[in-house]
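# Geometric and topological summary
Below are the chains, spelled out letter by letter.
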Amino acid sequence: MAPSTELPLVTLLPRAWIGFGKAPWRCVGLASALLLSAIGPALLGEDLRQLGFGWLGDLMVAASLVLPLLLLLALLCLADQLLPAESTSKPPLRWGWMLRQATGLVLLELLLLLGGLALIQTLSWAAGRMSTTLAGLVVVSGGLLLLAWLFSQVLALPLLVHHRHRALQAMDHSRQLVRHNGLKVLALLGLLIGINLLGLIGASLGLLLSLPFSALILMACCRTQTPCSSVSRRNMLPT
């Protein structure tokens, strides 16, 4: 990816609105299924455990971890289809392959996060034997580095869906994109948080709208533009 590649931050909301207008009921349906899959199986599994069906309850809890990822991928794929297509071709969608790559991405990110926390704890314990001030500096600096790494991975899953990346490719692409668009990605996170906080109004029913909008905004970020390129500007502007 060229260093000049930039996020089309100005046109994110218009593009998301245009994409949502193409299939509003499909977006709302997938968002409702995503919310139900994140809550329903876990509650049902707990009830089954109390009734003595421990193995079935464990199965439902495991389903509550897999189903939301599958439906999140479906929502991102739908958002990718509703936005204008790019001029470059990409491999066809293969759900089995994409689910494996997305699962690998989530597990890899989780392992790195847990490993980073364990490393910070170990270093702070070792530094604490010499000085509490040094231990505090280790915790603060390690925490900042870990937050910076998490920040660099914000776009990994959308990029995996849009470009059909493998897990490591998506992580590296997200890191490069965030490095060249740090302030824009920070503004993007603020926008997404604000939209979903508004979605919590009205017994969280607004999430049925805010989640599809968030997915459309994230997928629009994958359609980066290169300054002074007519093709890039055409893909950036709402149509």
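Model, not experiment: these values are computed from the prediction.

Our next topic: the overall build of the protein chain. Looking only at helices and strands, the protein chain features 10 helices and zero strands. Shown N-terminal to C-terminal, the secondary structure of the protein chain runs as helices and strands in the order α-α-α-α-α-α-α-α-α-α. When burial is assessed residue by residue, the protein chain has 39% of its 239 residues classed as buried. Taking the contacts inside the protein chain whose residues are at least 6 apart along the sequence as the reference set, 73% of them involve residues at least 24 apart. Summing over all exposed atoms, the protein chain offers an accessible surface of approximately 13,200 Å²; the carbon and sulfur share of this is 73%.

Before going further, it helps to examine the side chain of D80. By the secondary structure assignment, D80 is in helix α3 (residues 54–82). Of the polar contacts made by the side chain of D80, one reaches the side chain of H162; its length is 2.8 Å. Contacts of D80, omitting those with residues within four sequence positions, involve K90, H162, R164, M219 and R223.

Here the focus is a nonpolar patch on the surface. A contiguous nonpolar surface patch, about 380 Å² in accessible area, is contributed by V140, L144, L147 and L150. Residue classification places L147 among the exposed residues on the basis of a relative accessible area of 55%.

Counting 51 residues, the largest nonpolar core has L155 and L188 as the members making the most contacts within it. Secondary structure elements with two or more residues in this core: α1 (12–22), α2 (24–50), α3, α4 (95–128), α6 (156–163), α7 (167–180), α8 (182–199) and α9 (207–221). Setting aside residues no more than four positions away along its own chain, L155 makes contact with L7, S174, L177, L188, L218 and C221.

Turning next to the packing of α6 against α7. α7 packs onto α6 with a crossing angle of 120° between their chain directions and a minimal axis gap of 8 Å. Two packed elements cross with a definite hand, and for α6 against α7 that hand is right-handed. Of the residues in α7, those touching α6 at A156, L159, L160 and H163 are A167, A170, M171, H173, S174 and L177. Of the residues contributing to the contact of α6 with α7, the split by class is seven nonpolar, three polar and no charged.

Looking at the protein chain as a whole, its pLDDT mean stands at 84, while 87% of the residues score no less than 70. Here residues 229–239 is a poorly scored stretch, pLDDT under 50, and it has 21 contacts once near neighbours within four places are set aside; other chains count.

Applying the stated criterion across every chain yields a total of two salt bridges. In this structure, the salt-bridge partner of D80 is R223, at a minimum N-O distance of 2.9 Å. Residue D80 is located in helix α3, and its partner R223 is located in the loop between α9 and α10 (230–236); the two are separated by 143 residues in the primary sequence. Of the two residues, D80 and R223, neither departs from the other in class, the shared state being buried. Between R175 and D172 there is a salt bridge, with its nearest N and O atoms 2.6 Å apart. Of this pair, R175 and D172 both sit in helix α7, three residues apart, which is roughly one turn of that helix. Judged by its relative accessible area of 35%, R175 falls in the partly exposed class.

Cut-offs and rules
Residues numbered from 1 in each chain as written. Predicted model: local features only at pLDDT ≥ 70, side-chain atom pairs only at ≥ 80, totals over all residues. Heavy atoms only, no water. Helix = DSSP H or I, 4+ residues; strand = E, 2+ residues; numbered from the N terminus. Buried < 20%, exposed > 50% of the residue type's maximum accessible area, 1.4 Å probe, protein only. Contact = heavy atoms within 4.5 Å. Areas by Shrake-Rupley, 256 points an atom, 1.4 Å probe, with all protein chains shown as cover. Polar contact = N/O pair within 3.5 Å; in protein donor to acceptor, adjacent residues only side chain to side chain. Patch = residues over 30% accessible without salt bridge, like charges linked within 9 Å, V, L, I, M, F, W, Y side chains within 5 Å. Salt bridge = Lys/Arg side-chain N within 4 Å of Asp/Glu carboxyl O. Core = buried A, V, L, I, M, F, W, Y, C linked by side-chain atoms within 4.5 Å. Axes fitted to C-alpha atoms, helices over the stretch in contact; angles between N-to-C directions. Left-handed = near helix turned anticlockwise from the far one by under 90°. Nonpolar A, V, L, I, M, F, W, Y, C, P; charged D, E, K, R; others polar. pLDDT = per-residue confidence, 0-100.

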